[in-house]
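Residues per chain, in single letters:
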Protein chains: 2
Amino acid sequence: MAGVSVATVSKVVNNRYGVAAGTSERVLAVVEELGYESSLVARSLRRTSTNVIGVLVAEFEPYSTELLKGISAAVDGTGYELLAYAGRTDGGAQTGWERRSLSRLAGTLVDAAIVVTPTMVLSSDSPVPVVAVDPHTGPEGTPTVDSDNTTGAREAVEHLIDLGHRRIAHLGGRPDLESARLRELGYRQALEGSGIAVDPLLIKVGGYRPDLADAPVRTLLDRPDRPTAVFAANDLSAIHVLQVAQELGLRVPQDLSVVGFDNIPESWGSAPPLTTVAQPLHRMGAEALRMVLDLLEGTARERHLRLPTSLVVRASTAPPPR
Amino acid sequence: MAGVSVATVSKVVNNRYGVAAGTSERVLAVVEELGYESSLVARSLRRTSTNVIGVLVAEFEPYSTELLKGISAAVDGTGYELLAYAGRTDGGAQTGWERRSLSRLAGTLVDAAIVVTPTMVLSSDSPVPVVAVDPHTGPEGTPTVDSDNTTGAREAVEHLIDLGHRRIAHLGGRPDLESARLRELGYRQALEGSGIAVDPLLIKVGGYRPDLADAPVRTLLDRPDRPTAVFAANDLSAIHVLQVAQELGLRVPQDLSVVGFDNIPESWGSAPPLTTVAQPLHRMGAEALRMVLDLLEGTARERHLRLPTSLVVRASTAPPPR
DNA sequence: GTGAAAGCGCTAACAG
DNA sequence: CTGTTAGCGCTTTCAC
């Protein structure tokens with residue numbers, strides 16, 4: 001339409017040298033008129049860099065979206081764009097989605113990737129820089145960002161012990177995640193530190209999800225010698241404990257204390273507002289972005305960043321009954 | 001590596017007929033060993049469909065991430081994947097990002113798109129089905145999902161009037177969004193319905209963002225005859241009103257009542273918890289996904305879906321002082 | 001049942 | 001300064 005070849009249009013659009021001012025102007029006018037934008041797909045297939053950072057998640061739930069908010073705020077002004085991708089997890093395997101997503105996107109669509117809660121060790125031969133948030137395993141291989149899960153969990157349980165609780169259950173997270181193991185470790189440390197025996201019957205797997213936590217929570221609360229407090233491995237499952245407790249006619253915190261982990265916005269206004277261990281999620285997202293950009297520019301410093309947690313006491317914890 | 005051509009591999013990977021069982025098996029084994037996944041980019045360039053639904057946002061903030069949660073939950077089991085894209089908005093124009101993002105992704109990367117709060121009328125010649133959430137303009141052209149902004153706003157302001165407020169300010173939204181205009185309309189309707197004159201000095205533009213709302217809020221609250229209540233066009237700016245009020249030594253709700261709009265999780269636990277107009281954000285996301293899938297399958301029914309709002313009274317509203 | 005070849009929209013190298 | 005050509009990784013005819 002501008003009477004030039006596609007090659008020339010490409011040069012104009014990409015500000016390459018060697019185009020006559022008049023031609024450039026004419027092409028730009030047509031581009032404007034047609035509202036032409038180069039296809040991200042075709043461009044990425046040909047070029048080595050796309051200026052797009054990928055955020056790979058299993059699904060969009062409160063934890064990943066909080067990180068996303070932090071990443072999004074931090075990306076502003078860097079010139080990069082964000083592409084958050086949730087591959088299929090329904091039909092196929094729950095595990096390994098991140099490897100699949102990574103090989104589908106990396107090397108072409110995205111220049112680098114932030115992987116949220118990967119379920120397995122990321123192969124280090126990824127064609128692009130990768131940073132993992134809340135990884136499967138400890139700080140080996142892939143650079144990671146996480147928070148001090150053990151200390152956070154310990155403080156949460158110590159808070160319950162300080163209130164006078166002795167029968168404290170733990171609703172665990174996803175066994176395939178380092179964070180879940182460390183939170184259980186913190187739970188055990190707190191009990192042992194106070195000379196309270198760990199009762200295996202009081203430790204259940206909640207999988208970080210309300211649907212997976214439902215049955216174990218009912219098992220926990222439906223027994224005559226039920227615990228007086230539950231430390232849940234994340235807020236989502238803690239909020240589910242709140243709901244089940246209400247169904248069973250248990251008052252929180254009078255009959256049952258509940259503590260969560262994460263401090264997602266949903267925990268601020270649960271009924272009652274949840275006592276929880278705050279992770280600096282926005283900051284974790286922002287730091288993950290910074291790390292991945294550092295990697296991209298070859299100015300990487302630390303390979304692993306662990307941020308502090310802090311206990312937020314709200315209304316779901318109180319001394320045990322009687 | 002399997003001793004066959006790329007064409008054969010493609011057939012195996014895509015389950016095409018005409019491949020010997022033995023060959024297929026051998027190729028699959030190598031695929032497994034190598035962890036091969038086809039490049040989404042190359043595949044989308046060649047094929048017409050990708051099984052990916054795009055969600056186009058300006059940035060990842062509470063409103064868009066709440067929709068995303070609803071979309072993500074609804075996509076489960078449909079066989080589609082989700083790709084949320086935030087194009088650059090920093091350097092260039094704040095407006096028109098959706099057209100740019102759409103032409104970069106549509107036709108190749110995504111089979112269909114959900115555009116969140118587009119700032120302009122979407123051209124109807126998009127190569128893929130598009131649904132807009134909270135659009136620039138009313139229900140013409142592009143199918144849309146929104147909520148009953150006018151009624152919601154009217155009820156919010158009537159709540160303030162019922163409490164005895166007469167000097168009620170309105171911190172408006174983004175003038176380029178239909179929702180902002182309708183919320184102001186509801187505000188005016190409520191005042192007029194109660195015989196209260198609309199004071200133009202009490203209407204400011206907050207742009208739905210804390211940073212843009214800051215100056216107007218201070219102008220509003222820093223005057224001797226300041227309003228006794230503020231109806232903010234969304235929760236994010238309402239929460240900012242809460243913060244500015246605190247800075248200025250005004251107690252909420254004793255000295256100042258504040259109402260927001262959206263009911264994002266952040267509003268549940270603000271200090272004090274925010275009275276707000278709830279939009280069914282998760283459901284809006286789910287419905288937008290359903291509509292876009294209907295469009296894709298040619299079974300589209302309604303072109304426009306308007307969901308009801310509901311007033312949630314929390315602790316940021318009370319009768320005016322004196 | 002398999003592979004060679006074309007082509008998706010674009011960019012980079014090179015020829016004119 | 002501009003156009004022709006090749007090729008990014010894949011899928012799809014169409015020969016063999």
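This report concerns the structure included in the present document. The structure displayed is predicted, hence computed values, not measured ones.

Procedures and definitions
Residues numbered from 1 in each chain as written. Chains lettered and ligands numbered in written order. Predicted model: local features only at pLDDT ≥ 70, side-chain atom pairs only at ≥ 80, totals over all residues. Heavy atoms only, no water. Helix = DSSP H or I, 4+ residues; strand = E, 2+ residues; numbered from the N terminus. Buried < 20%, exposed > 50% of the residue type's maximum accessible area, 1.4 Å probe, protein only. Near = heavy atom within 4 Å. Nonpolar A, V, L, I, M, F, W, Y, C, P; charged D, E, K, R; others polar. Pairing = 2+ DSSP bridges. Axes fitted to C-alpha atoms, helices over the stretch in contact; angles between N-to-C directions. Parallel < 35°, antiparallel > 145°, perpendicular 65-115°, else oblique. Contact = heavy atoms within 4.5 Å. Core = buried A, V, L, I, M, F, W, Y, C linked by side-chain atoms within 4.5 Å. Left-handed = near helix turned anticlockwise from the far one by under 90°. Patch = residues over 30% accessible without salt bridge, like charges linked within 9 Å, V, L, I, M, F, W, Y side chains within 5 Å. Areas by Shrake-Rupley, 256 points an atom, 1.4 Å probe, with all protein chains shown as cover. Salt bridge = Lys/Arg side-chain N within 4 Å of Asp/Glu carboxyl O.

Notes on unusual backbone geometry
Residue and element names in this part refer to chain B. With omega at 10°, the peptide bond leading from valine 252 into proline 253 counts as cis. As for its position among the elements, proline 253 is in the loop between helix H9 (235-247) and strand E9 (257-262). Of note, the bond from alanine 271 into proline 272 is cis; its omega dihedral lies within 30 degrees of zero at -5°. Within the fold, proline 272 resides in the loop between helix H10 (265-268) and strand E10 (275-278). Of note in the backbone geometry, asparagine 51 takes a positive phi value of approximately 65° without being a glycine. Secondary-structure assignment places asparagine 51 in the loop between helix H3 (40-46) and strand E1 (52-57). Residues other than glycine seldom take positive phi values, yet aspartate 262 does so here, at roughly 130°. A relative accessible area of 4% places aspartate 262 in the buried class.

As for the protein's contact with DNA strand D
Residues in contact with DNA strand D amount to 25 residues; listed here are only the nearest, Gly18, Ala20, Thr23 and Arg46 of chain A together with Tyr36 of chain B. The protein-proximal atoms of DNA strand D, defined as those within 4 Å of the protein, are 58% sugar or phosphate. Broken down by secondary-structure element, the contributors of at least two residues to the surface near DNA strand D are helix H1 (6-13) and helix H3 (40-46) of chain A together with helix H1 (6-13) and H3 of chain B. Of all the elements, H3 of chain B adds the most residues to the surface near DNA strand D, at four residues. Across the surface near DNA strand D, the residue classes tally to 10 nonpolar, nine polar and six charged.

So, the pairing of strand E3 (residues 112-116) of chain B
Residues and elements named next belong to chain B. Within E3, five of the five residues are buried, which leaves it mostly tucked inside the rest of the structure. Burial along E3 is two-sided: Ala112, Ile114 and Val116 and Ala113 and Val115, pointing in opposite directions, are all buried. Note: E1 against E3, four bridges, orientation parallel. Across the sheet, residue glycine 54 finds its bridge partner in E3, namely alanine 113. Pairing of E3 with strand E4 (residues 130-133), which is carried by four bridges, proceeds in the parallel orientation. The partner of valine 116 across the bridge, within E4, is valine 133.

What about the packing of H1 of chain A against helix H2 (residues 21-34) of chain A?
Residue and element names in this part refer to chain A. At a closest axis distance of 10 Å, the pairing of H1 and H2 adopts a crossing angle of 90°. One finds that H1 runs roughly perpendicular with respect to H2. Of the residues in H2, those in contact with Thr8, Val9, Val12 and Val13 of H1 are Thr23, Ser24, Val27, Leu28 and Val31. Partitioning the contact of H1 with H2 into residue classes produces six nonpolar, three polar and no charged.

Some words on the nonpolar core
Phe60 of chain A together with Phe60 of chain B are the most contacted members of the largest nonpolar core, which has 58 residues in total. Not counting the four nearest positions on each side in its chain, phenylalanine 60 of chain A is found in contact with Thr65, Leu68, Ala84 and Ala86 of chain A together with Leu68, Lys69, Ser72, Leu82 and Ala84 of chain B.

Focus on the packing of helix H6 (residues 149-162) of chain A against helix H7 (residues 178-193) of chain A
All names here are of chain A. At a minimum axis distance of 7 Å, the contact between H6 and H7 shows a crossing angle of 40°. With respect to each other, H6 and H7 are oriented oblique. Along this stretch, H6 crosses H7, giving a crossing that reads as right-handed. Side by side, H6 and H7 meet where Asn149, Thr150, Ala153, Arg154, Val157, Glu158 and Ile161 of the first sit next to Ser179, Leu182, Arg183, Leu185, Gly186, Tyr187, Gln189, Ala190 and Leu191 of the second. When grouped by side-chain class, the residues that make up the contact of H6 with H7 number eight nonpolar, five polar and three charged.

Things to note about a nonpolar patch on the surface
All names here are of chain A. A contiguous nonpolar patch, built from Met1, Val13, Leu34 and Tyr36 and spanning about 420 Å² of accessible area, is present on the exposed surface. Structurally, methionine 1 is set in the segment before H1. Look at methionine 1 and you get exposed, because its relative accessible area is 72%.

Looking at the pattern of salt bridges
All names here are of chain A. Within the structure shown, the criterion is met by 46 salt bridges over all chains. Residues arginine 290 and aspartate 294 are paired through a salt bridge, measuring 3.0 Å at the closest nitrogen-oxygen approach. Here aspartate 294 and arginine 290 lie together in helix H11 (residues 281-297), a separation of four residues that amounts to about one turn. Assessed through its relative accessible area of 10%, aspartate 294 is described here as buried.

Some thoughts on the sheet that holds strand E7 (residues 203-205) of chain B
All names here are of chain B. Reading across from one edge, E7-E6-E8-E9-E10-E12 is the order of the six strands in this open sheet, with mixed pairing throughout. Edge positions in the sheet fall to E7 and strand E12 (310-312), since each of these pairs with one other strand and no more. Put simply, the sheet's adjacent strands are angled 20° from each other on average, direction ignored. By the bridge criterion, four bridges tie strand E6 (residues 168-172) to strand E8 (residues 229-232) in an arrangement that is parallel. Across the sheet, the residue bridging to isoleucine 168 is alanine 229, located in E8.

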